[in-house]
Amino acid sequence: MAAPAAPLLTVEHLTMRFGGLVAIDDLSFSARRGDITAVIGPNGAGKTTVFNCVTGFYKPTSGCMVLSPGERSDPAIAQLTASGRGWRAARAGELFLLERMRDFQIARRAKVARTFQNIRLFPGMTVLENLIVAQHNALMRASGWTILGLFGAPGYRKAERVAVERAKYWLDRVALIDRADDPAGDLPYGAQRRLEIARAMCTEPQLLCLDEPAAGLNPRESADLKALLTSIKTEHATSILLIEHDMSVVMEISDHVVVLDYGQKISDGTPDAVRNDPKVVAAYLGVEDEEVEQVEAEIAR
Amino acid sequence: MATQAADVRVADAPRGRAGAIAAAVKDASGTALLALGLSFPILALRTEQNMANQLVLDQRWSYVAIAVLLAFLARLLYLLRLAFAASPPAPRIAAPAADRPALRLLTMAGVLLLLVYPFLALALVGRAGAIKWIDNFAIQILIYVMLGWGLNIVVGLAGLLDLGYVAFYAIGAYAFALLASHYDLGFWVCLPLAGILAAFWGVLLGFPVLRLRGDYLAIVTLAFGEIIRLVAINWVDLTRGYAGISGVPRATFFGLPFEDSDQGFAAFFGLEFATIHRTIFLFYVILLMAAITNWVTLRLRRLPVGRAWEALREDETACRSLGINTTNTKLTAFALGAMFGGLAGCFYVTSRGQGFVTPESFTFMESALILAIVVLGGLGSQVGVAIAAVVLIGGTELLRELDWTKSIFGRDFEPTHYRMLLFGLAMVLVMIWKPRGVISTRIPSIFLKQRRAVRGDLVGEGHG
Amino acid sequence: MEYFVQQLINGITLGSIYGLIAIGYTMVFGIIGMVNFAHGDVFMLSAFIALILLLALTQMLGITPLALALFIVLILAMLLTSLWAWAIERLAYRPLRGSFRLAPLISAIGMSIFLSNLVQVTQGPRNKPVPEILNGVFTFGDPEGYTVTLSYKQILIVAVTAVLLAAFWYVVQRTSIGRAQRACEQDRKMAALLGVNVNRTISLTFVMGAALAAVAGLLFMIYYGVVHFNDGFVPGVKAFTAAVLGGIGSLPGAVLGGLLIGLIEVLWSGYFSNDYKDVATFSILVITLVFLPSGLLGRPEVEKV
C-alpha cells in the first residue's frame, strides 16, 4: 500500500445533543483521500447522526468538521475559521468548514453526496429523471437560471445531452440501463439501492457518504456492491465514508475503520486491527459473564 | 372504489338472490333511517320571519319523505348493483402509454374549437345569445383554466398546498385598479406590472412560511388569503372598502378603445359598432394568456427548475442531499404561480369585472374552487386541469340556465341556489370515485427509449 | 379598570365558545392528522338545529319552563349534530382514509360547501333573529361611572362550558374510549392489532367533537341572538387558530387557545378598532405556525432524516 494520503475530512471534537441525550460525544476522526473509511458500531451508537452532521442535516452542538480537497494546512483553516465564513473558493485553495454550511451547500460546494438508510429516491420520477435531477446545479447554470433554457438556447441543449450521457454511464455501471424509463418506485429493493448510489455519483462528489448500502441485499447483490464501491474508489476521484453492519463488506473493502459505541470512538485503525481490538469485541458481543457477575457482586456490596 | 364492509357482506352472501335482496333492503332501510335523522329538523322545519319579524316554523314533512325515499333508493340500487354485478372488474395494472392517441386527438379538437369558438357562437345563436356564451362560459372558464394552471405549478408540481391562491388573484386585480385610477395607466401597461407585483407578493408571503409542512402550510396560506381580503375591506382610504373601485379603464385594441366613436375600434376597421367586438377580443386575449401559461409550464417542466419542483414534491430531503436549494426552488414555484394568478386577476377586472373590483370577488370560496379544479383534474396534469375547469365552471354555469325547473317545482324554486350545493356534493363524490383526480398519471419530462406514463399511486403528494 | 374587567368577561365568554369548537379540530387532527374543514359548518348547522328545536319546543309543543326547554334542546342538538358528523365521516372521509393526502382535505372542503349551502337552501339566505331569552344582567360598579355588566347568558355559557368540559375530560382521560383514542393517535395499525376497533374509535372522535360543537352552536345562538348560514367559516377558522395556538392535538391546549383567541379578539376591538379584529386573529395564526408550530402546549416535532 502507498504512503498514507492526506486527510480529506477531519472531524474534531464533534458533539451532538438532543435535549438531554448525547448522541455523539466528543468524537474525532479523519477520513483520508482515496480511502474507504467505514464507521461501524452497534445499533444506536450514533453512526447516522455523524452522517447527518457531516452532510449538514443536523447542526452539531459543538465541534468542527473540515473538508480540505487540497493540501490540508492548519494556518489556512485557522484563517478561515477566524474569517467567520463557511468556505473558501477554488482559487484560494478550496477549504470547507462543514459545521458552518447548510445541507445543500455542502452537497453543492463541498461536493459531499450521500445516500440514506431508508432509501430516498424520487419514486414518481423515472430512473433517468432521478439522475438528471442530481445534476441540477450544472444544468441550472447551463440554462442561464431558466431564462435561456426557456427559449431553447443551444447551450442548454448541449448541457442536457452531456447530463444524459453521464446518467447513461452510471446506469450502465449499476446495470439499470434497461429500466431507464421506468419509475424509480417500481424498481426492486436492491436496484433502488444501486440507483441511489448512481444518483449520488451523478453529482460528481469528492466524498460519498453511504448509509448502510448493503442493508437488505442478498449475497450476490452484496458482492456486486463491493465491486462497485471498489471501482468508484479506484476509477473516480471519490473517497467513501461508509456506515455498514455487514462485516464482510466492511472488512473486505475498507481501508480504515472507526468504531463507535454510545457516541464515543472506541477504536480506530485498519480492519484487522479493529477486528482484534478487545473493546470492539466487548461492544458487539457484550462482556464476559464472569465480569457481569463481578460487577453485580460489587453492586450488592 | 369504496369497498365498505356492509357491501362486501351483501356481495358475498351465499344465500342467493333472495338473501342478497333482503340484506340490501335491510341495509338501505338503515340508510333511510339515517336520512330521516339527518333531515329531521333542518329539512322538516323551516324558520320564517312573520310580519312581526318573529321567527315561526313552517312544516315541510313532504321534503323529508322525499329525502328519505331518495336515500333508500340510492343505497338499494348501489347495493344491488354491487351484489349482482357479473364479477368485479379486474384492476388494470398495465402501465398506461404516455401518448394516448385519443387524448391527444381530443386536445387537438379542443384547441381547434377554441380558435373558432366566438364565430361559431355567433353563427349558432346570433349576437345577443353569443355574448352570454362567450362571456359567461368561455371567458370565465378560461380565466379559471389559467388560475388552475397557475396553482398547478405550486400544488401539482412543487407539492406545496396553497389554500390562499385567491390572494394573488386579488393582488393582480387591485394592482390594476389602483394603478389605473391613480396613475392613469391602461390595461396593457398594468398587465405586466400586476404580474410582477403578484410575483413579488408571492415571494414576500412565501418566504416566512415555506419551512412549514403539509396542512400547516395550507392553513397559513389560507390565513394570508383572508388577511389580504380583510385589508381590502378595511383599508377604505385606499380600496374604498366594500364599495370597491369602479371605472377602471377597459382593455383597448392596441390603443383603439371599444367605443362608439370615430377613434374607436369599429370605426377604424369600418365596422358597425357592437359591444360584442370587445367580448370577442377579450376572449382571444385570455385564450392567448392561458396558452402562454400552458406553454411556460410545459417548458419549465423540462428545465432543471421544473424537475427540481417535481423532485421537491417527491422527496425534499433527497433534494437537499443533491445540492438543490429547496428554499429558492419553492419560492420560484410560489412566485410563478402567483404571477399567473396576478395576470388573471388583472384580466378579470377588465373583462368579467366590467372595470369594477370589490373584495367580495376574492373570498375563500374562490381559492377552494381553484384548488378543487386542480385536484379534481389531477395534480400536475395540464389537460386534466382544463377538463376540470370546463366541467366545474361550465357545469355550475349551466345550472343557471335551468329556469324551466320552476315549472316543475313551482315558482319559488330557485335553481341557482342549488348550484353550490351540488358543487360541494360533486367535490366529495369525485374524490371518493377518483382520489387522484381525472388524470392521475404523470408524463416523464425526459426519456431514453420510450416515454411511458408513471402510475398515479407512485407519484408523490408533497409535504407542503 | 371596569372597562378592562368588562372586556375580560366578554372575552372569556367568546373564548369558551371557540374552545368548544377547537376541541373538535384538535381531536380529529390528533387521531387522523386531518384538518376537518367542515367542522365550522357542522357548528353552524348545530346552531340552526338548536334554533329550530327551540322554536319547535316553545311554539309547537308549548313547553314553557325555559330551563327545561333549553335542556331538551341541548341534548337533542348534541345527538342530531353527532349524527351528522357520524354520517359525514362515514360518507366523505372514511373511504379516503389511507389514500392520497389531499383527497380528504378536498372532500372536507366540498362537505363544508355542501353544508353551508344546504342550510341556505333549506332555511333561506337571511339572518335568523333568535327569540329573546335570558335577557337579565347583573350590574357591578359605580352606578355613576362605567358599570360592569354580567349577563345571565354569559354565566350560562361559562357554566355549561365548564361542566361539559369536565365531563368530556373524564371520558377522555378515564374511560376505555379515551384510551382507545390515545392508542389510535400513537399508532393506528398497532392499536388495531391489539383489538381496538379503529373505525369506531375514529367515528367516536368525530361524534364527540360534533357534540361539543353543538353545545357551542346552542350557546352561540343564544349569545348573539342571530344565526346565518355563513356563520360557520369565520368561527371555524378562529377555532382552528385556537387549536393551533394551544398546540394541535392537545385538549387543554384547545381550551386555552380558545380563551386566548376570545380575549385577544375582544380586547383588540375594545382598545384598537373593530375593523381589523379578524386580521389580528389570522395574523396570530400565521405567527404561531411560523414561530411556534407546536403551539403552547403541544409536543415539538423532530424531523427524521
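Check the entry above for the structure.
To keep things clear, this report deals only with the structure shown in the data block. Bear in mind the structure is a predicted one, so any value in this text is a computation, not a measurement.

1. Regarding the packing of aromatic side chains
Scanning all chains against the criterion turns up 26 aromatic pairs over all chains. Relative to Tyr58 of chain A, the ring of Phe18 of chain A has its centre 5.3 Å away and its plane inclined at 80 degrees; by these criteria the two rings are edge-to-face. Linking Phe18 of chain A in strand 1 (residues 7–18) with Tyr58 of chain A in the loop between helix 1 (47–54) and strand 4 (62–67), this pair joins segments that are 40 residues apart in sequence. A relative accessible area of 30% means that Phe18 of chain A is categorised as partly exposed. On the numbers, 5.2 Å between centres and 80 degrees between planes, the contact of Phe283 of chain B with Tyr284 of chain B is edge-to-face. Each residue in the set Tyr169, Tyr174, Tyr348 and Phe362 of chain B is aromatic and connected to the rest through ring pairs, giving one cluster.

2. Looking at the interface of chain B and chain A
How large an interface is tends to be reported as the accessible area lost when its parts come together. Counting from both sides, the interface comprises 37 residues of chain B and, opposite them, 44 residues of chain A. The junction of chain B with chain A conceals about 3500 Å² of combined surface from both sides, 63% of it contributed by carbon and sulfur atoms. When the buried area of chain B at its contact with chain A is split by residue, Leu322, Ile446 and Leu448 of chain B rank highest and sum to 19% of it. At the junction of chain B and chain A, the tally comes to four salt bridges. Across the pair Arg320 of chain B and Asp103 of chain A runs a salt bridge, and its minimum N-O distance is 2.5 Å. Viewed at the interface, chain A and chain B are joined by eleven residue pairs in polar contact (both at pLDDT 80 or more). For the side of chain B that touches chain A, the elements supplying multiple residues, two or more each, are helix 10 (276–301), helix 11 (304–314) and helix 12 (316–321) of chain B. Considering every element that reaches the side of chain B that touches chain A, the biggest residue donor is helix 11 of chain B, with seven residues. Of the residues that constitute the side of chain B that touches chain A, the class distribution is 19 nonpolar, seven polar and eleven charged.

3. Details of the environment of Leu53 of chain C
All names here are of chain C. Tracing the backbone shows Leu53 in helix 2 (residues 39–60). On the basis of relative accessible area, Leu53 is assigned to the buried category, the value being 5%. Spatially, the C-alpha atoms of Leu53 and Met111 are 23 Å apart, while their sequence positions differ by 58 residues.

4. Looking at the packing of helix 1 (residues 2–32) of chain C against helix 10 (residues 251–271) of chain C
Residue and element names in this part refer to chain C. Contact pair helix 1 / helix 10: the axes reach a minimum separation of 6 Å and the direction vectors enclose 140 degrees. It follows that helix 1 is oblique to helix 10 by the angle criterion. Handedness of the crossing formed by helix 1 with helix 10: right-handed.

5. Some thoughts on a nonpolar patch on the surface
Residues and elements named next belong to chain B. Residues Val111, Leu112, Leu113, Leu115, Val116, Leu120, Leu124, Val125, Trp133 and Leu398 make up a contiguous nonpolar surface patch of about 920 Å² in total accessible area. With nine residues, helix 4 (residues 101–157) is the single largest residue contributor to the nonpolar patch. Within the element layout of this structure, Leu124 appears in helix 4.

6. What to know about the state of the cysteines
A full pass over the atoms with the stated rule returns zero disulfides over all chains. The closest cysteine sulfur to the non-disulfide-bonded Cys202 of chain A is located on Cys319 of chain B, 15 Å from its own sulfur. A relative accessible area of 2% means that Cys202 of chain A is categorised as buried. No disulfide involves Cys346 of chain B; its nearest neighbouring cysteine sulfur is the one of Cys190 of chain B, lying 6.1 Å away.

7. A word on the packing of helix 4 of chain B against helix 13 (residues 326–350) of chain B
Residues and elements named next belong to chain B. The interhelical angle for the contact between helix 4 and helix 13, taken along N-to-C directions, is 165 degrees, at an axis separation of 7 Å. Taken together, helix 4 and helix 13 sit at an angle that is classed as roughly antiparallel. Our pair here, helix 4 against helix 13, has a crossing hand that is left-handed. Side by side, helix 4 and helix 13 meet where Ile139, Ile143, Met146, Leu147, Gly150, Ile153 and Val154 of the first sit next to Ala333, Phe334, Leu336, Gly337, Phe340, Gly341, Leu343, Ala344, Phe347 and Tyr348 of the second. A breakdown of the residues in the contact of helix 4 with helix 13 according to their chemical character gives 14 nonpolar, three polar and no charged.

Criteria and thresholds
- Residues numbered from 1 in each chain as written.
- Chains lettered and ligands numbered in written order.
- Predicted model: local features only at pLDDT ≥ 70, side-chain atom pairs only at ≥ 80, totals over all residues.
- Heavy atoms only, no water.
- Phe/Tyr/Trp six-rings, centres within 6.5 Å; stacked < 30°, edge-to-face > 60°.
- Helix = DSSP H or I, 4+ residues; strand = E, 2+ residues; numbered from the N terminus.
- Buried < 20%, exposed > 50% of the residue type's maximum accessible area, 1.4 Å probe, protein only.
- Contact = heavy atoms within 4.5 Å.
- Buried area = accessible area lost by both parts, 1.4 Å probe.
- Salt bridge = Lys/Arg side-chain N within 4 Å of Asp/Glu carboxyl O.
- Polar contact = N/O pair within 3.5 Å; in protein donor to acceptor, adjacent residues only side chain to side chain.
- Nonpolar A, V, L, I, M, F, W, Y, C, P; charged D, E, K, R; others polar.
- Axes fitted to C-alpha atoms, helices over the stretch in contact; angles between N-to-C directions.
- Parallel < 35°, antiparallel > 145°, perpendicular 65-115°, else oblique.
- Left-handed = near helix turned anticlockwise from the far one by under 90°.
- Patch = residues over 30% accessible without salt bridge, like charges linked within 9 Å, V, L, I, M, F, W, Y side chains within 5 Å.
- Areas by Shrake-Rupley, 256 points an atom, 1.4 Å probe, with all protein chains shown as cover.
- Disulfide = S-S within 2.5 Å.

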